[in-house]
Each structure stands twice: as C-alpha cells, then as structure tokens.
Amino acid sequence: MKKIYLLPLIFLILLVALLYRGFSLDSRNVPSPFIGKPAPAFDLPRLYQENKRISTEKMKGQVWLLNVFASWCVSCRAEHKVLTRFIREHKVPTIGLNYKDYGTKEYGKDVLSWLGQLGNPYTYVAVDTEGRTGIDWGVYGVPESFVVDKKGIIRYKFTGPVTQKAVNEILVPLVVKLRKEPA
Amino acid sequence: MTYSLKVLLLSLLMTFSVAVRAGSIETYSFDTPEKSAIYKRLIEELRCLVCQNQNIAGSNAELAKDLRRQTYEMVSKGATRDEVVDYMVTRYGDFVLYRPPFKLKTVLLWVGPPLFLLISLIFLVNYLRKKPQVAEVTLDKTQRDSVRDLLK
C-alpha cells in the first residue's frame, strides 16, 4: 500500500483547517497596537462649555475610560445604556470623544439633543470636529472604548458597541485590577 | 483589424481603465515634486481600514479622506515616507500596510507561496521520474501478421 496517496487528503484537511480559521476570524477586529503604550495626548474644547478644555494630562493618576461616540453612529445608541450603567455603578471617570459630529456641516448640534434624549454619562465630553484626535488614537470605527491606567498607559481597547457581557467579564475586573496599581 | 488584435487592444484598455479609476478625489499640491511623489506612493501603500480591500487612494470613505489629509499634512511638513508609515503603524498596526513587513508574525505570508510552489515542483518532478516506462512488447510472427492484416 503506497501511503503517498494519503498525502493529498492530509493536505486537504490542513487547508480546510486553515481556511476555517481564517474565515471565522473577524477581519474588522484589528488588534490595537496601542495596548501598553502611552495614550496620545490631546487638549480639546468641551461640549457645553466651549471656552473650557479637557486634556489627557488632567486624567493622570486615575483609571479612566475614553469612549469614542457620535450622534450619527447607530451602534453608539446600542451601547449607551450598558455603558451608562457601567460608568455610574463603578464611578469610572470618562471622556466621551465626540467624533466628527458637533460642529460639522452635516450634523451641527445633533449631539446635544442626542445626549439630552439618552442621558449624558460622561464626566467630560471632548469635541473632535475634524477627527484629528480620532486618527491620533487609531480610531477606525465608532464606537471604540479605551481603558487608560493611572500612568496614562492604554491597557485595553474595545472596538464596537460594549456589551453587558464585556462589561462583566472584561471591563469591571480590569478596572478593579488597575485601581490597585500604584499611580 | 484582425479579431485577435481587437481582443488584445480591448484587454489593454480594460487594464488601464482600472488604474485611472483608482485616482483620489481631492487634489493636494506640494511645493516640491519629491513630496508629491512620496504622497502618491504612500496613499497607494496604505490600507483603508473600514473598506479593507482598498487602499486610501482608491477609497472615498471618510476615514480614507482623513488618512489622506493626515498623510498630506505630514508630507508637506517634510516627513519622509518612513516617518508617515511609522505613524500609521503605531496607530493602526501592520494591517494598515498593503505590503506587510517581514517578521515572525508574517513569515507564513511571505514564505508560504514560494514554499508551496517549491513543494509542488518537487512532487511533480518525482512523479514524472517515477512514471513507469512502457515495457517493450515483443510479438511473435503470427501476432505481427494479424497486426498487419488489421492495418491494411
């Protein structure tokens, strides 16, 4: 019996395994090269108080969350309730980065009524009309959420709407752990 | 014009029309032709992350526009190709490059296809060599006569 005839079969099985893995990966979930790196600094005008500004500098010494959102983003509406509960229950200081929304030609002041209607869970809302800060943070789809530690290092990035499962299994344990770390 | 010449011309036309279509929308001007060349090369090399199978030169997505603007601003301030690539890779990972760098994670990507070709060639050569020679058949006189009769 020549075993050589088994080779194509083995090869086929390997190929199928490879393709199966390839196609079941979510190609939109690009791993962030930012994890473990310092959060890019910004200093942006605040929504509601445009003469005041909010910067990453100001958040140093605490574990905080950056949530990229926009009134035109459908998934942001989807995560809003879950996110709000997480921020309030665990008292997480949060900057909502209003991405290419407030002050743009298309959306003007839509975000004000959006937050008015759904509630504003953010400690600060930073306005990034042109999306420059977004680019600096490697944002490629909204919503995105970043967990930053006391030293200003990005420790986690969540792409897409935050789910209750992600809050329970990832975000809460992470925030608890990071709060124990020295500043 | 012969038929095959027409086909050839048509396929050539189709090839070039793709290149024309891939032009970007806005036109940025640079103070030196070198900068302009760096910009053009970069937007061909960088991937649009929301429309993953396009580069940022060919995409009209918002993110692609922003990345073009970012590239333009950096290049016009004198950034080199490598500096812009570094900036993008730090933020979006190797995935943002259409030509990924050669490293441990991408070894299979680079080495895989030539390796596959090599293995296939070895198999092919072996197969052809091993192919049994057709044994010579010797016929006796009666058999030869019957063949001749058949061929008549």
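Notes on the structure in this doc start here. (Residues numbered from 1 in each chain as written. Chains lettered and ligands numbered in written order. Predicted model: local features only at pLDDT ≥ 70, side-chain atom pairs only at ≥ 80, totals over all residues.)

Notes on the overall build of chain B
Right, on to step 1. Within chain B one finds 6 helices and 0 strands.
Right, on to step 2. In chain B, the succession of α and β elements from N to C terminus is α-α-α-α-α-α.
Right, on to step 3. The buried share of chain B, reckoned over its 152 residues, is 16%. (Helix = DSSP H or I, 4+ residues; strand = E, 2+ residues; numbered from the N terminus. Buried ≥ 20, exposed ≤ 12 C-beta atoms within 10 Å, placed from the backbone.)

Considering the overall build of chain A
Right, on to step 1. Helices and strands together make up the secondary structure of chain A, namely 5 helices and 7 strands.
Right, on to step 2. Reading the secondary structure of chain A in the N-to-C direction produces α-β-β-β-α-β-α-β-α-β-β-α.
Right, on to step 3. Contacts in chain A between residues far apart in sequence, at least 24 positions, make up 78% of those at least 6 positions apart. (Contact = placed C-beta atoms within 7 Å.)

Here we look at the sheet that holds strand β4 (residues 94–99) of chain A
Residues and elements named next belong to chain A.
Right, on to step 1. Pairing within the open sheet is mixed, and its 5 strands lie in the order β5-β4-β3-β6-β7. Each edge of the open sheet is held by one strand with a lone partner, namely β5 (124–128) and β7 (154–159). Strand-to-strand twist in this sheet, taken as the mean axis angle between neighbours without regard to direction, amounts to 20 degrees.
Right, on to step 2. Taken together, the 5 bridges between β4 and β5 define a ladder with parallel strand orientation. (Pairing = 2+ DSSP bridges. Axes fitted to C-alpha atoms, helices over the stretch in contact; angles between N-to-C directions.)

So, the environment of B:Leu139
All names here are of chain B.
Right, on to step 1. Locating Leu 139 in the fold gives a position in the loop between α5 (107–130) and α6 (141–151).
Right, on to step 2. C-beta crowding within 10 Å serves as the criterion here: with 10 such atoms nearby, Leu 139 is assigned to the exposed category.
Right, on to step 3. With 27 residues separating them in the primary sequence, Leu 139 and Gly 112 have C-alpha atoms 52 Å apart.

With respect to the pairing of strand β3 (residues 64–69) of chain A
Residue and element names in this part refer to chain A.
Right, on to step 1. The buried fraction of β3 amounts to 6 of the 6 residues, a majority that puts the element mostly inside the structure.
Right, on to step 2. The two faces of β3 match: Trp 64, Leu 66 and Val 68 on one face and Leu 65, Asn 67 and Phe 69 on the other face are all buried.
Right, on to step 3. Sheet analysis places β3 next to strand β6 (residues 144–148), joined by 5 bridges and oriented antiparallel. Along β6, the bridge assignment pairs Val 68 with Glu 144.
Right, on to step 4. After leaving β3, the chain enters helix α2 (residues 74–89) and then returns to the sheet as β4, a path that is right-handed. (Right-handed = clockwise from strand over helix to strand, strands pointing away.)

A few points about the interface of chain B and chain A
Right, on to step 1. Between chain B and chain A, the contact holds 13 residues from the first and 9 residues from the second.
Right, on to step 2. Put simply, the parts of the chain that give the side of chain B that touches chain A at least two residues each are α3 (62–76) and α4 (81–92) of chain B.
Right, on to step 3. Broken down by class, the residue content of the side of chain B that touches chain A amounts to 7 nonpolar, 4 polar and 2 charged. (Nonpolar A, V, L, I, M, F, W, Y, C, P; charged D, E, K, R; others polar.)

Structural notes on the nonpolar core
Residue and element names in this part refer to chain A.
Right, on to step 1. Ranked by internal contacts, the top residues of the largest apolar core, which has 61 residues, are Ile 95, Ala 126 and Val 148.
Right, on to step 2. At 5 residues, the largest contribution of residues to this core is made by β3.
Right, on to step 3. Excluding anything up to four places from it in sequence, Ala 126 contacts Leu 44, Arg 46, Ile 54, Ile 95, Leu 97 and Asn 98. (Core = buried A, V, L, I, M, F, W, Y, C linked by C-beta atoms within 7 Å.)

Some thoughts on the pairing of β4(A)
Side chains on a regular strand alternate between the two faces of the sheet.
All names here are of chain A.
Right, on to step 1. For β4, a buried count of 6 out of 6 residues is recorded, marking the element as mostly surrounded by other parts of the structure.
Right, on to step 2. Of the two faces of β4, the one carrying Thr 94, Gly 96 and Asn 98 and the one carrying Ile 95, Leu 97 and Tyr 99 are both buried.
Right, on to step 3. Note on the crossover from β4 through helix α3 (residues 110–118) to β5: the handedness is right-handed.

Remarks on the environment of A:Ile135
Right, on to step 1. Mapped onto the elements of the fold, A:Ile135 is located in helix α4 (residues 132–136).
Right, on to step 2. Note on A:Ile135: 21 C-beta atoms within 10 Å, which makes it buried.
Right, on to step 3. If near-sequence neighbours (up to four positions away) are discounted, A:Ile135 is found in contact with B:Asp66, B:Leu67 and B:Gln70.

Comments concerning the packing of α3(B) against α4(B)
Residue and element names in this part refer to chain B.
Right, on to step 1. α4 packs onto α3 with a crossing angle of 140 degrees between their chain directions and a minimal axis gap of 10 Å. When the axes of α3 and α4 are compared, the pair comes out oblique. Remark: the crossing between α3 and α4 carries right-handed chirality. Judged by residue contacts, Thr 71, Met 74 and Val 75 of α3 engage Glu 83, Val 84 and Tyr 87 from α4.
Right, on to step 2. For the contact of α3 with α4, the per-class residue count stands at 4 nonpolar, 1 polar and 1 charged. (Parallel < 35°, antiparallel > 145°, perpendicular 65-115°, else oblique. Left-handed = near helix turned anticlockwise from the far one by under 90°.)

Some thoughts on unusual backbone geometry
Residues other than glycine predominantly adopt negative phi, and peptide bonds predominantly adopt the trans conformation.
Residues and elements named next belong to chain A.
Right, on to step 1. Residue Pro 143 is bonded to the preceding Val 142 through a cis peptide linkage, with omega at 0 degrees.
Right, on to step 2. Mapped onto the elements, Pro 143 comes out in the loop between α4 and β6.
Right, on to step 3. Positive phi outside glycine occurs at Lys 100, with the angle close to 45 degrees.
Right, on to step 4. Mapped onto the fold, Lys 100 is located in the loop between β4 and α3.
Right, on to step 5. With 23 C-beta atoms packed within 10 Å, Lys 100 lands in the buried category.

Remarks on helix α2 (residues 33–45) of chain B
All names here are of chain B.
Right, on to step 1. With 13 residues, α2 extends 18 Å between its outermost C-alpha atoms, agreeing within 8% with the 18 Å of an ideal straight helix rising 1.5 Å per residue.
Right, on to step 2. Restricting attention to buried positions, one finds in α2 the residues Ile 38, Tyr 39, Leu 42 and Ile 43. For α2, the arc enclosing every buried residue in end-on projection is 125 degrees, short of the 170-degree limit, so these residues lie on one face. Opposite the buried face of α2, by more than 90 degrees, sit the exposed residues Pro 33 and Glu 34.
Right, on to step 3. Those residues of α2 that are buried are in contact with α3 and α4. (Expected span 1.5 Å × (residues − 1). Arc of directions from axis to C-beta.)

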